[in-house]
Amino acid sequence: MKYLDEFRNPAVARSLLAEIKAVTTRPWVIMEICGGQTHSLIKNGIDQLLPKEIELVHGPGCPVCVTPLELIDKALAIAALKDVIFTSFGDMLRVPGSKKDLFLVKSEGGDIRIVYSPLDALTLARNNPTKKVVFFAVGFETTTPNTAMAVWQASREGLTNFFLLVAHVLVPPAMMALLDSPENRVQAYLAAGHVCTVTGWRQYEPIAEKYKVPIVVTGFEPTDLLEGILMAVRQLENGEARVETNTLAW
Amino acid sequence: MSGYPGRVTEIFDQNGLRMGRIDYSGTVNSACLEYVPEAEVGSFVIVHAGFALSVLDEEEAKKTFELWDELLAQAESESRDKD
């Protein structure tokens, strides 16, 4: 796929790995914040190729992991209502509540539909005026604007049967909560590029400054992540704590 | 799909929203283009959860790949020096 395959170039990856090995002199703990980064690191075996001194800790940036149990239970209760079409991204359906998950509620007769975008939920509301269509709005800064667009559009169309169960959360407070923990071991962060596409990266500067942690914004492909790790290690080795974005991306 | 690049092949109106058909090297889907008013047919956009988040700057991309070529040439030259 154009503009993805280029970021999987084995020669570039080997070169970056060699550089990481060359600059690492001490053990360092780096957290990749986003679940998408974790997925790519594991899928591509990057965690196993790094020098033993580099420990990657998987971060909280996954809506499935951070949505509170209380909200999952609310989702299950709403989804079981007779006059409701409950809509959600597919990955929320297996998340366990206190007693059930959305798949079980669906098997018991709940009208639960998987959608790809909140605009799909809006289409269901438009086409089913006698039903209440509820969208389970999960995710970080990347999905919140999309939910907002669906609300704006529902208002513009005068739809009165479109509802949200909101579970949106922000990345910076989660980063600070981790750093404030007495048990924290994280010394540097790899921040997620798609979040910064929405928010910019200035929001991370006060965190880098206050907690003295390097924060490197990366994409999701192997060379993005390797370069991000290299930049984080260079900062750690030099005693620096700045926000950077990986330069091999754009 | 999260943060994937695809090419806009068609722009259309859907209930007053600016939408695009997006081709991800053969897989075609639609995405909302309201947040990227600068996107045109032929643009590469980064799409996340049904919305285009940004338009990819192809000139910047070209520069990035040129930088890679330089890095690789440098790495090869250093490797030869060691041999």
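Every chain is numbered on its own, with residues counted from 1 as its sequence reads. The lettering of chains begins at A and the numbering of ligands begins at 1, in the order of writing. The model is predicted, so local features are restricted to residues of pLDDT at least 70 and side-chain atom pairs to those at 80 or more, both for listing and for counting; the totals for chains, interfaces and linings are taken over all residues. The side-chain figures draw on all heavy atoms in the structure; neither hydrogens nor water molecules are used.

**Student:** Got a minute to help me understand the side chain of Ser43(B) in this structure?
**Tutor:** Residues and elements named next belong to chain B. Relative to the helices and strands, Ser43 resides in the loop between strand 3 (27-32) and strand 4 (44-48). Only protein chains enter the area calculation, which uses a 1.4 Å probe; residues under 20% of their type maximum are buried, those over 50% are exposed, and those in between are partly exposed. Look at Ser43 and you get buried, because its relative accessible area is 12%. Here Ser43 is in contact with Gly6, Arg7, Val8 and Val55, once residues within four sequence places are set aside. Helix and strand definitions here come from DSSP, where helices need a minimum of 4 consecutive H or I residues and strands a minimum of 2 consecutive E residues; each element is numbered from the N-terminal end. Only heavy atoms enter the contact rule, under which two residues are in contact if any of them lie within 4.5 Å.

**Student:** Explanation requested: helix 8 (residues 144-157) of chain A in the structure shown.
**Tutor:** Multiply 1.5 Å by the residue count of a helix minus one, and that product is the helix's expected span. For helix 8 of chain A, which comprises 14 residues, the first-to-last C-alpha distance of 20 Å matches the rise-based estimate of 20 Å (1.5 Å per residue) to within 8%. Buried-residue contacts for helix 8 of chain A involve helix 7 (118-127), strand 5 (132-139) and strand 6 (162-168) of chain A together with strand 2 (17-24), strand 4 and strand 5 (51-55) of chain B.

**Student:** Help me out: how do you make sense of the sheet that holds strand 6 of chain A in this one?
**Tutor:** Strands belonging to one sheet form pairs held by backbone hydrogen bonds; the direction of such a pair is parallel or antiparallel. All names here are of chain A. Note on pairing: two strands pair once DSSP finds at least 2 bridges between them. Read across the sheet, four strands follow the order 4-3-5-6 without closing on themselves; strand pairing throughout is parallel. In this open sheet, the two edge strands, each paired with only one partner strand, are strand 4 (111-114) and strand 6. Strand-to-strand twist across the sheet, computed as the mean angle between neighbouring axes with direction ignored, equals 20°. Of the pairings in the sheet, the one linking strand 5 to strand 6 comprises seven bridges and is parallel in character. Across the sheet, the residue bridging to Phe135 is Leu164, located in strand 6. Sheet contacts for helix 5 (residues 69-79): strand 3 (84-88), strand 4, strand 5 and strand 6; angle to strand 6, the most-contacted strand, approximately 160°. Orientation is described by lines fitted to C-alpha atoms, with helices fitted over the stretch in contact, and by angles between N-to-C directions that extend from 0 to 180 degrees. Most of the contacts of helix 8 go to strand 6, to which it runs at about 160°, and overall it touches strand 5 and strand 6.

**Student:** Quick question: what am I supposed to make of the packing of helix 1 (residues 10-23) of chain A against helix 12 (residues 222-238) of chain A here?
**Tutor:** A pair of packed helices is captured by two measures, namely the crossing angle of their axes and the spacing between those axes. All names here are of chain A. Direction vectors running N to C along helix 1 and helix 12 enclose 15°, while the axes themselves pass 9 Å from each other. Taken together, the axis directions place helix 1 and helix 12 in an arrangement best described as roughly parallel. For helix 1 against helix 12, the interelement crossing comes out left-handed. Contacts between helix 1 and helix 12 pair Val12, Ala13, Leu16, Leu17, Glu19, Ile20 and Val23 from the former with Thr223, Leu226, Glu227, Ile229, Leu230, Val233, Arg234 and Glu237 from the latter. Throughout this description, any angle smaller than 35 degrees is read as roughly parallel, any larger than 145 degrees as roughly antiparallel, any in the 65 to 115 degree range as roughly perpendicular, and the remainder as oblique. Handedness of a crossing is defined here by the sense of rotation of the near helix relative to the far one, left-handed for an anticlockwise turn of less than a right angle and right-handed for a clockwise turn.

**Student:** What exactly am I supposed to notice about empty space enclosed by the protein here?
**Tutor:** Summary: where empty space remains is shown by rolling a probe the size of a single water molecule over the atoms. Of the grid points, spaced at 1 Å and generated over the protein atoms alone, those admitting a 1.4 Å probe that cannot get out make up cavities, while open sets with protein on both sides within 12 Å along at least five of seven lines make up pockets; any residue with an atom within 4 Å of a point is treated as lining. Grid points are joined across faces, edges and corners, and a volume is the space filled by probe spheres set on the points. For the structure shown, the criterion picks out one cavity of 30 Å³ or more. Volume-wise, the largest cavity comes out at about 60 Å³. Lining of the largest cavity is provided by Leu119(A), Leu122(A), Thr123(A), Arg126(A), Gln153(A), Glu157(A), Gln14(B), Asn15(B) and Leu17(B). Mapped by element, the contributors of at least two residues to the lining of the largest cavity are helix 7 and helix 8 of chain A.

**Student:** How should the packing of aromatic side chains be read in this particular structure?
**Tutor:** Think of a pair of aromatic rings as described by two things: how far the centres are apart, and how the planes are tilted against each other in angle. All names here are of chain A. Working definition: rings of Phe, Tyr and Trp (its six-membered ring) pair if their centres are within 6.5 Å, and the pair is stacked with planes under 30 degrees apart, edge-to-face with planes over 60 apart, and tilted otherwise. Counted under the stated rule, the structure contains three aromatic pairs over all chains. Between Phe86 and Phe136 the ring centres are 5.7 Å apart and the planes differ by 55°, which places this aromatic pair in the tilted class. One end of the pair, Phe86, is in strand 3; the other, Phe136, is in strand 5, and 50 residues separate them in sequence. According to the relative accessible area criterion, Phe86 is buried, its value standing at 0%. When the ring of Phe89 is compared with that of Phe135, the centres are 5.6 Å apart and the planes differ by 90°; the resulting orientation is edge-to-face. Residue Phe89 is found in the loop between strand 3 and helix 6 (102-107), and its partner Phe135 is found in strand 5; the two are separated by 46 residues along the sequence. Looking at Phe89, the relative accessible area reads 13%, which means it is buried.

**Student:** Would you take a moment to explain the pairing of strand 3 of chain A for this structure?
**Tutor:** Note on strand geometry: in a regular strand, side chains alternate between the two faces of the sheet. All names here are of chain A. Burial of strand 3 is extensive: five of the five residues sit out of reach of the surface. Relative to strand 5, strand 3 runs parallel, the two sharing four bridges. Bridging from a neighbouring strand, Thr87 pairs with Phe135 of strand 5. When strand 3 meets strand 4, the two strands line up parallel, connected through four bridges. The partner of Thr87 across the bridge, within strand 4, is Arg113.

**Student:** Would you mind going over the pattern of salt bridges with me for this structure?
**Tutor:** For side chains of opposite charge, pairing can occur when their charged atoms come near one another. We define a salt bridge as a side-chain nitrogen of Lys or Arg found within 4 Å of a carboxyl oxygen belonging to Asp or Glu. One pass over the full model with this rule turns up twelve salt bridges over all chains. Counted as one network, the salt bridges with shared partners bring together Glu240(A), Arg242(A) and Glu244(A).

Function cannot be inferred from these measures alone, as they are strictly geometric.
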